[in-house]
Amino acid sequence: MKKILCILFAMLLLGIGQQVNAEDGHIIMKDGGTDYSSYETYQELNEDLERIENEYDIAIYFIYDDSIENSENGVSSYAKDFLNRHQGAKNTVVMVVAKNYYTVKTDGPQGNLVSNEARKLFELYNNASSRYDGIEAFYQYVVKIINEESYVSGAPRVSGKPRVYDGAGLLGSDEVSSLTRKLKDLSDRHDMDILVLTSDSLNGMDTDNYADDFYDYNGYKDDGVLLFISMSTSEMYISTKGRGTDYITDYGIDYIFGQISDDLSSDRFYDAFVKYADLTDGLIREAESGNVVDVDSKPKKSFTAANVGISAIAGLISSLITALVLKGQMRNVHYERYAGNYVVSNSFHITGMSDMLVNRHVSRTPRSRNNTSSGHNPTHYSGGGSHTHTSSSGSSHGGHGAHF
Amino acid sequence: MSELKEFKCPNCGGILEFDAKTQKMKCPYCDGTFDPDLFNDEIDFTVDGEQWNDSDLVIYTCNSCGGTIMADKDTAASSCPYCGNPVVMTGNVSGIYKPKKIIPFKLDKKEAKDRYRKFLKGKTLLPSAFKSEATIDEIKGIYVPYWNFDGRASARMWFDATRRRHWIEGDYNCTEISYYKVFRAGSIGFMDVPVDASSKIGDEMTQSIEPFDVRDSKGFNENYLAGYLADKYDVSVEESRKIANSRIANSTASMFASTTSMYDSCIPSSSSIYINQGKQEYVMYPIWLLNVKYRDKIYSFAMNGQTGKFVGTLPTDKGKLISIALGVFLAVTVALTAIQYVVYMVR
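Here the structure is a predicted model, which means the values were calculated and not measured.

1. Some remarks on the overall build of chain B
Piece 1. Along chain B, the regular secondary structure elements total five helices and 14 strands.
Piece 2. Burial status across chain B gives 33% buried among its 347 residues.

2. Some remarks on the overall build of chain A
Piece 1. When its secondary structure is counted, chain A shows 12 helices and 12 strands.
Piece 2. For chain A, the share of sequence-separated contacts (at least 6 apart) that also reach a separation of at least 24 residues comes to 64%.

3. A look at the sheet that holds strand β12 (residues 396-403) of chain A
Residue and element names in this part refer to chain A.
Piece 1. If you trace the six strands from one edge of the open sheet to the other, you get β6-β7-β8-β9-β12-β11, paired in mixed fashion. On the outer flanks of this sheet lie β6 (164-166) and β11 (388-390), each paired with one strand and no other. Each strand axis lies, on average, 25° off the axis of its neighbour in the sheet, ignoring direction.
Piece 2. Where β6 lies against strand β7 (residues 193-199), three bridges are found, and the strand directions are parallel. What sits directly across from tyrosine 165, in β7, is leucine 197.
Piece 3. Across the sheet, helix α8 (residues 207-217) lies against β7, β8 (224-230), β9 (235-241) and β12, angled at about 45° from β9, the strand it touches most.

4. Focus: the packing of helix α12 (residues 305-329) of chain A against helix α5 (residues 318-346) of chain B
Piece 1. The contact between α12(A) and α5(B) brings their axes to 7 Å, and the two run at 145°. Our pair here, α12(A) against α5(B), has a crossing hand that is right-handed.
Piece 2. Residue composition of the contact of α12(A) with α5(B), by class: 13 nonpolar, nine polar and one charged.

5. Topic: the environment of B:Lys98
Piece 1. Its location among the elements puts B:Lys98 in the loop between β6 (87-97) and β7 (101-102).
Piece 2. Between the C-alpha atom of B:Lys98 and that of B:Lys232, which follows or precedes it by 134 residues, the distance is 9.7 Å.

6. Notes on helix α3 (residues 72-85) of chain A
All names here are of chain A.
Piece 1. Between its first and last C-alpha, α3 extends 20 Å over 14 residues, near the 20 Å set by a 1.5 Å rise per residue.
Piece 2. Along α3, the residues classified as buried are Val75, Tyr78, Ala79 and Leu83. End-on view of α3: buried residues confined to an arc of 135°, all on one side of the axis. Those residues of α3 that are exposed and aimed more than 90 degrees away from the buried face are Asn73, Asp81, Asn84 and Arg85.

7. Some words on the pairing of β12(A)
Residues and elements named next belong to chain A.
Piece 1. Two strands pair when backbone bridges link them, and β9 and β12 are joined in this way by seven bridges, in the antiparallel orientation. Its bridge partner being in β12, tyrosine 237 is matched across the sheet by glycine 401.
Piece 2. Following β11, the chain reverses through five residues before pairing antiparallel with β12; glycine 394 in that reversal takes a positive phi of roughly 85°.

8. Details of the interface of chain B and chain A
Piece 1. The interface of chain B with chain A comprises 58 residues on the first partner and 52 residues on the second.
Piece 2. Its residues assigned to classes, the side of chain B that touches chain A shows 28 nonpolar, 19 polar and 11 charged.
Piece 3. Two strands pair when backbone bridges link them, and strand β10 (residues 349-366) of chain A and strand β9 (residues 172-196) of chain B are joined in this way by 16 bridges, in the antiparallel orientation. Counted as the bridge partner of A:Pro366 is B:Tyr172 from β9(B).

9. Some remarks on unusual backbone geometry
Piece 1. Each neighbour pair has its own omega, and for B:Glu210 with B:Pro211 the value is 0°, a cis peptide bond.
Piece 2. Although it is not a glycine, A:Asp191 sits at a positive phi angle of roughly 55°.
Piece 3. Structurally, A:Asp191 can be placed in the loop between α7 (173-190) and β7.
Piece 4. Assessed through the 10 C-beta atoms surrounding it within 10 Å, A:Asp191 is described here as exposed.
Piece 5. Of note, A:Asn346 is a non-glycine position whose phi angle comes to about 60°, a positive value.
Piece 6. Within the secondary structure layout, A:Asn346 lies in the loop between α12 and β10.

10. A look at helix α11 (residues 269-288) of chain A
Residues and elements named next belong to chain A.
Piece 1. With 20 residues, α11 ought to run about 28 Å at 1.5 Å a step, and its terminal C-alpha atoms sit 28 Å apart, in line with that.
Piece 2. Three or more residues of α11 are buried, namely Phe269, Ala272, Phe273, Tyr276, Ala277, Leu279, Thr280, Leu283, Ile284 and Ala287.
Piece 3. Those residues of α11 that are buried are in contact with α7, β7, β8, α9 (243-247) and α10 (250-265).
Piece 4. Backbone geometry just after α11 places glycine 290 at a positive phi near 95°.

11. What to know about the pairing of strand β5 (residues 102-107) of chain A
Residues and elements named next belong to chain A.
Piece 1. Of all six residues that make up β5, five are buried, and the element is covered over most of its length.
Piece 2. Here six bridges tie strand β4 (residues 91-97) to β5, and the two strands are oriented antiparallel to one another. Each residue of the ladder has a partner; that of methionine 95, found in β5, is valine 104.
Piece 3. Counted along the chain from β4 to the antiparallel partner β5, the turn is four residues long.

12. Structural notes on the nonpolar core
Piece 1. Core analysis: the largest hydrophobic core is formed by 64 residues, its most contacted members being B:Tyr143, B:Ala230, B:Tyr285, B:Ile287 and B:Ala302.
Piece 2. Here this core takes 12 residues from strand β12 (residues 265-294) of chain B, the largest share from any one element.
Piece 3. Among residues more than four places away in sequence, those in contact with B:Ala302 are B:Met205, B:Ile209, B:Ile287, B:Trp288, B:Leu289, B:Val311 and B:Gly312.
Piece 4. By size, the runner-up hydrophobic cluster in this structure holds 45 residues, among which are A:Phe214, A:Ile229, A:Phe273 and A:Ala287.

13. Here's the deal with the confidence of the model for chain B
Residues and elements named next belong to chain B.
Piece 1. When the pLDDT values of chain B are averaged, the result is 82; 81% of them are 70 or greater.
Piece 2. Taken element by element, the predicted model of chain B shows its lowest mean pLDDT in β6 (62) and its highest in strand β14 (residues 310-312) (94).
Piece 3. Ignoring residues within four places in sequence, the model shows residues 41-46, a span with pLDDT below 50, making five contacts including any to other chains.
Piece 4. Our summary of model confidence lists the complex with pTM equal to 0.52 and ipTM equal to 0.72.

14. Overview of the environment of A:Tyr61
Piece 1. The residue A:Tyr61 is located in strand β3 (residues 58-65) in this model.
Piece 2. Through-space distance from the C-alpha of A:Tyr61 to that of A:Met95 is 6.4 Å; in sequence the pair is 34 residues apart.

15. Description of the packing of α7(A) against α11(A)
Residue and element names in this part refer to chain A.
Piece 1. Where α7 meets α11, the closest approach of the two axes is 11 Å, and the angle between their N-to-C directions is 5°. Taken together, α7 and α11 sit at an angle that is classed as roughly parallel. Along the contact surface, α7 presents Glu175, Leu179, Lys182, Leu183, Leu186 and His190, while α11 presents Tyr270, Phe273, Val274, Ala277, Asp281 and Ile284.
Piece 2. Of the residues belonging to the contact of α7 with α11, the class tally is eight nonpolar, one polar and three charged.

16. Here's the deal with the environment of A:Gly242
Residues and elements named next belong to chain A.
Piece 1. Note that glycine 242 resides in the loop between β9 and α9.
Piece 2. Owing to 18 C-beta atoms within 10 Å, glycine 242 belongs among the partly exposed residues under this scheme.
Piece 3. Taking the C-alpha atoms as reference, glycine 242 lies 4.4 Å from aspartate 223; in sequence the two are 19 residues apart.
Piece 4. Those residues in contact with glycine 242 that sit more than four places away from it in its chain are Asp222, Asp223 and Gly224.

17. What about the confidence of the model for chain A?
All names here are of chain A.
Piece 1. Model confidence for chain A is summarised by a mean pLDDT of 81, while 85% of its residues fall at 70 or above.
Piece 2. Of the regions scoring below 50 in pLDDT, residues 12-22 engages in five contacts with residues more than four places distant in sequence or in other chains.
Piece 3. Overall, residues 370-379 carries pLDDT values under 50, and its contacts beyond four positions in sequence, including any with other chains, amount to 15 contacts.

Definitions and cut-offs
Residue numbering note: each chain is counted from 1, following its sequence as written. In the order they appear in the text, chains get letters beginning with A and ligands get numbers beginning with 1. Selection of residues for local features in this predicted model requires a pLDDT of at least 70, selection of side-chain atom pairs for listing and counting requires 80 or more, and totals for whole chains, interfaces and linings are taken over all residues. Runs of E in the DSSP output that reach at least two residues are strands. Runs of H or I that reach at least four are helices, and both are numbered from the N terminus. Residues with at least 20 neighbouring C-beta atoms inside 10 Å of their own are called buried, those with 12 or fewer are called exposed, and the rest are partly exposed, where every C-beta is derived from the backbone. What counts as a contact is two residues whose backbone-derived C-beta atoms lie within 7 Å of each other. A pair of strands is treated as paired once DSSP finds two or more bridges between them. Working convention: axes come from line fits to C-alpha atoms, limited for helices to the stretch in contact. Angles between N-to-C directions cover 0 to 180 degrees. Two helices crossing with the near one rotated counterclockwise from the far one by less than a right angle form a left-handed crossing, whereas a clockwise rotation gives a right-handed crossing. Side-chain classes are defined by residue name, with Ala, Val, Leu, Ile, Met, Phe, Trp, Tyr, Cys and Pro counting as nonpolar, Asp, Glu, Lys and Arg as charged, and the others, Gly among them, as polar. To estimate how far a helix should reach, multiply one less than its number of residues by 1.5 Å. In this context, the arc is that of the directions from the helix axis out to the C-beta atoms. As used here, a nonpolar core is made of buried Ala, Val, Leu, Ile, Met, Phe, Trp, Tyr and Cys residues. They are joined through C-beta atoms within 7 Å. Residue-level confidence of the predictor is what pLDDT reports, using numbers from 0 through 100. Each angle gets one of four labels, with under 35 degrees taken as roughly parallel, over 145 as roughly antiparallel, 65 to 115 as roughly perpendicular, and the rest as oblique.

Structure, rendered in C-alpha cells:
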C-alpha cells in the first residue's frame, strides 16, 4: 500500500514538474494537445532566452500548438491571450504557430518595429533546416531589431577594423604593430577576424557583452575569434563567432587559457598574445583539416626540447652499453668464484628442510580512478562542442572567460 | 703447564678458537663453528706421494723473475716462459713431490696460434696496427702443477624469505606479504677441484681456462713431458686448500639457495658450511702460454691444452672506443628524435 502511494506521489510530482516547465519555458510545443516539448530538447535555447530577458528586458516566446483553431482569428486571439498572461518585461514578443497559420504579437515600446518584420521572422523560422535552428534565428532577429534601436553598448566603437585594440595600454607601439601584422596575416589566411582587445574599464558591462559588442558593432566578419583582457577584473575572455565558434570549442578556449594565463598574471602580455595567435592558428588549422580539438580529441603536445632530451638519455645509455660490451670483448680473464664444474653427479642431498610462516601482512591501497587532472579553469564540457549565446546585436557567439 | 695445540679451520685454514658461549670451536675468520670432538686428533694435511728423483729431468731457474721450470734433458729451455728472460740450468729434480696424474697435451702449437688469430677476430676496439705489428714473442707448452681437492660439503642454512600475493577487492588493490623462516640442511660432493700450485702464472689466468676433463688424465709418466716444459709447485697445499674450499663453499651456498626459488625474495640470514676433506692430489695440466709483443709491451694469453679454451687481455684503442661511443650516442639520439618527430607529425 505504502509502495503504491509512493509511486502515485512520484507520478504526481513528475506531472506537476512538466506542467511547470511548459508554462515557465519560453518555448512551448504541443502536438494534438499533448506537450511534447521536453524541456531538455530546447534547454539551451530556453536558457539563452532567459538570459536575454534578464539582460535586455525582452521576453520572447515561441508557441507551436496544432490544437489551436486553425484560422487567422484563432492564432491571433490565442497570442493576445498569451500576451495578457505574460506581462512584466519592457518588450514582450510571442510567435504562435498553428497548422496553417502563424502570428507574431508584441507588447512594449519597440513593439511596432518587430510587428513590421513579422513576415521575415516567420520566414527565418520556416526556412531553417530544423525547428531548433528556426526558433534560434527567430529570436536572434528579434533581439537585433529591438537592440539596434535602443541599445547603447559600453564597448568602444572604432573605425578601420583594428586587429589590436589596446584600450588598457598594455603593449608598446612596436608590439602593437608586430602583433597587428601577425593577426592580419592569420585573419587573411583563414578568412576570419582574429582580434585582441584590452580594456581598463567595462563601463558597467559584463565581460562577455563587452567582448561580443566590440566584435558585433565594429563591422568585423561573421567568422572570428576575439581575446579580451579586462584589467579591472583580471579576466581573460574569448568570444567566438560563426566558424570561430565551430573551430574553437569550449575545450579549445580553456586550452588557450591554460597556455597563456601564466604570462598574463606575470604581465608578459605581448608573449601571451603571440601565444594566443599561434594557438588559435593551430586550432583553426586542425579544425580545417577535419579534426576539431575538443574534449575527446585533445590537441597534441608540442614537440619540445624534452623530446630531444629523452632521445639523448636513450642515446647515452645505448652508447654506454655498446662501450661496455665492446670493452668486455677485449678481456675474458676473470677469477672463478664457484666450483660448480666439479660437483659429483647425484651427490646433492637435502636432509632437512622447513619453511615456517612467521608473519603475514596485508596492505590495501585504493585503486586509482581515471582521474584526468583538469587543466585551467575547467568548464563543463557536457558532450563537448561550443555553448552559444545571443548577444545584444542578436548574433550568436561562443566563448567564455576565466580569471588570471 | 698444558701443551698449546693449534687447530686449523677445515673451511679456510684459519686458527680455530674455543668459544665458551656455544661450547664449540669457532673460526674467527670465516665464522664456521665445529664440534670440538672432531679435533681430538690434529688433522693430517700431509700429501701422500713419492719423492721425485729422476735424473732425466733438469731444473732451470730464471735469473730475472725467479721462476723455476723443469724439462727433460733433451728439451733445452732457453728463455723463461713467464717473463721472457734467459734461464739457466740449476740441477736435477730432487726432493719434490712427483705428480700422481697428468692430462697430456691434446692440442699442438699450431692450434694455439690458430686460436690466437681467431681470438683477434671481431674485436672492434683492437688497435688497427695490432694485427700487423704484434709478434708472437714466445709460445710454450707448459705442464702447470695443480692441487686437486675432493670434499663433501655439509650445510645448514637459514633464509629470510617472502612471498607476495596481489588481488583486487572492490575498490582496493590488496597485497599480502608472507614472511618465512626457511631452513635447509644437506650435503653435496665435489671432486677434483683444481687449484693452480704455481705462483708464476696468475690464478686469474689458470681459473679462466678451466675446466679440464679429469677423465682424460693418465697416471704420471715422465715421457709425457718430452718436448714440453713443466713447472714446479711453489704454493703449499694448505694455501691452495683455502681457495678450493672457498669455491666449494660458494657453490654449496648457491645450490642450497636454488632450492628456495618458490619465494619472491630469499636472503640468507645465517649459514654454517662444513667441508669434510676428501683426498688431495698433485696433478699436472697442459697449458699453452703465448707472449705477444706489441709496441714494447708484452701481452699474455693462455690456452687450455686439452679443450682449446683461449683467454687473455687485448689492448684497447681508446680513440676507437671514444669515437664509437660518440657515434652510437649521436646516431641513437638523432634517430629517436626523428622517430618522435614523425610520430608527432602523423598523429
